[in-house]
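Listed below, chain by chain, are the residues.
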Amino acid sequence: MAGIRPRPNQTNIREFTVSRRATAARGARTIALAAVSATGALLLAACAPTTTDLNYDPSDGVGISVLGEENRDLRGINLMVVSAAEGEAGNVLGALANETADDASFTLEAPGAAPVTVDVPAGGTVYLGTETGEAVQLDTVGAAPGEYVDATLTVGGDSKEFQLPVFDGTLPEYADYLPVAALPSPSGSPSASPSPSATS
């Protein structure tokens, strides 16, 4: 009997075969799940709007469409006001766009301030507060920096109320846009005070 070889353990061979099949099945399920996930992500991306096509304000200001959200032919872009304090003058920054075929006059009104009007040519955009744009100033700002002013933008017979944000020179990018304070008027000349010779 010493020359007879023992038969291989059939149980171990069967377990090894089943284990290989289970591993292969798991791998196939993982690949299928990844394919389904990638397909779903592509479908969702195709249905989502392209963010670069969306209208948005690229900075701290607000956008306002005078003729409603759907019609943006007459609008303010990224509007804000820079002022040192509540009750002080403020420079208006941003832009006014006129995408119609006719020239338009935009009027900005805020409580306590004199209305300001800016003419925008047909199909044009006027930038406010920049070196190449138009200087527009509210003679008084009715809110402190960090708050909002209730404002109205009017073009022809259409108007839209909105909240105009107020900034000061705390942020370095706006420090140069603070209104220049009026220089103090010169006081009386020194000769107005009595001289020692005049009192003797």
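So, here is what we can say about the structure in this document. Within every chain, residues take consecutive numbers counted from 1 along the sequence as written. Totals for whole chains, interfaces and linings use all residues, but because this is a predicted model, local features are given only for residues with pLDDT of at least 70 and pairs of side-chain atoms are given and counted only at 80 or more. Side-chain numbers here rest on the full set of heavy atoms in the structure, without hydrogens or water.

**A short note on the overall build of the protein chain**
Numbering of helices and strands runs from the N terminus; a helix is a DSSP stretch of H or I covering at least four residues, while a strand is a stretch of E covering at least two. Across its full length, the protein chain carries three helices and nine strands. Each helix and strand of the protein chain, ordered N terminal to C terminal, gives the series α-β-β-β-β-β-β-β-β-β-α-α. By residue count, 26% of the 200 residues in the protein chain fall in the buried class. Working definition of accessibility: Shrake-Rupley area with a 1.4 Å probe, residue cover restricted to the visible protein chains. For the protein chain, the accessible area works out to roughly 13,600 Å², and carbon and sulfur atoms hold 56% of it. The buried label goes to any residue with under 20% of its type's maximum accessible area, the exposed label to any with over 50%, and the partly exposed label to all in between, with areas taken from a 1.4 Å probe on protein chains only.

**Side note on the side chain of T140**
Along the polypeptide, T140 turns up in the loop between β7 (137-138) and β8 (148-155). A polar contact is formed between the side chain of T140 and the backbone oxygen of G87, at a distance of 3.2 Å. For this analysis, residues touch if any pair of their heavy atoms sits within 4.5 Å. Those residues in contact with T140, other than ones at most four positions away along the chain, are G87, E88, A89, G112 and A113. Here a polar contact is recorded for every N or O atom pair within 3.5 Å, except that within protein the pair must consist of a potential hydrogen donor and a potential acceptor, and residues adjacent in sequence are included only if both atoms are side-chain atoms.

**What to know about the pairing of strand β9 (residues 158-167)**
A pair of strands is treated as paired once DSSP finds two or more bridges between them. In terms of strand pairing, strand β2 (residues 74-83) meets β9 through two bridges, oriented parallel. Counted as the bridge partner of V81 is V166 from β9. Two strands pair when backbone bridges link them, and β8 and β9 are joined in this way by eight bridges, in the antiparallel orientation. In the strand pairing of β9, Y148 is matched with P165. Between β8 and β9, which pair antiparallel in sequence order, lie two residues; one of them, G156, sits at a positive phi of approximately 60°.

**Here's the deal with the nonpolar core**
Residues grouped as a nonpolar core are buried Ala, Val, Leu, Ile, Met, Phe, Trp, Tyr and Cys residues, joined through side-chain atoms within 4.5 Å. The biggest cluster of nonpolar side chains holds 28 residues, and the ones touching the most others in it are L138 and L153. Those elements that place two or more of their residues in this core are β2, β3 (90-98), β4 (104-109), β5 (116-120), β6 (124-128), β8 and β9. Considering every element that reaches this core, the biggest residue donor is β8, with four residues. M80, V82, L93 and F167 belong to the second-largest nonpolar core, a separate cluster that totals five residues.

**A look at a negative patch on the surface**
Only residues whose relative accessible area exceeds 30% and that form no salt bridge enter a patch; like-charged residues are grouped when within 9 Å of one another, and nonpolar side chains (Val, Leu, Ile, Met, Phe, Trp, Tyr) when within 5 Å. When a carboxyl oxygen of Asp or Glu is within 4 Å of a side-chain nitrogen of Lys or Arg, the pair counts as a salt bridge. Only four residue types enter the charge count: Lys and Arg as positive, Asp and Glu as negative, with His and the chain ends excluded. To locate a charge, the coordinates of NZ of Lys, CZ of Arg, CG of Asp or CD of Glu are taken. Taken together, the side chains of D102, D103, D119 and E134 make up a negatively charged region of the molecular surface. With respect to the helices and strands, D119 occurs in strand β5. Taking relative accessible area as the criterion, D119 reaches 53% and is therefore assigned exposed.

**Some thoughts on unusual backbone geometry**
Only a minority of non-glycine residues have a phi that is not negative, and only a minority of peptide bonds are not trans. In this structure, N78 is a non-glycine residue whose phi angle is positive, near 55°. Relative to the helices and strands, N78 is located in strand β2. Given a relative accessible area of 14%, N78 falls into the buried group.

**Quick notes on the environment of V120**
Tracing the backbone shows V120 in strand β5. Separated by 22 residues in sequence, V120 and N98 have C-alpha atoms that sit 6.3 Å apart. If we skip the residues at most four places from it in the chain, V120 touches L96, N98, D103, A104, F106, T125 and V126.

**What to know about the side chain of T154**
Topologically, T154 is positioned in strand β8. If we ignore the near neighbours within four places in the chain, the residues touching T154 are S105, F106, T107, E109 and S159.

Just distances and angles here, no functional claims.
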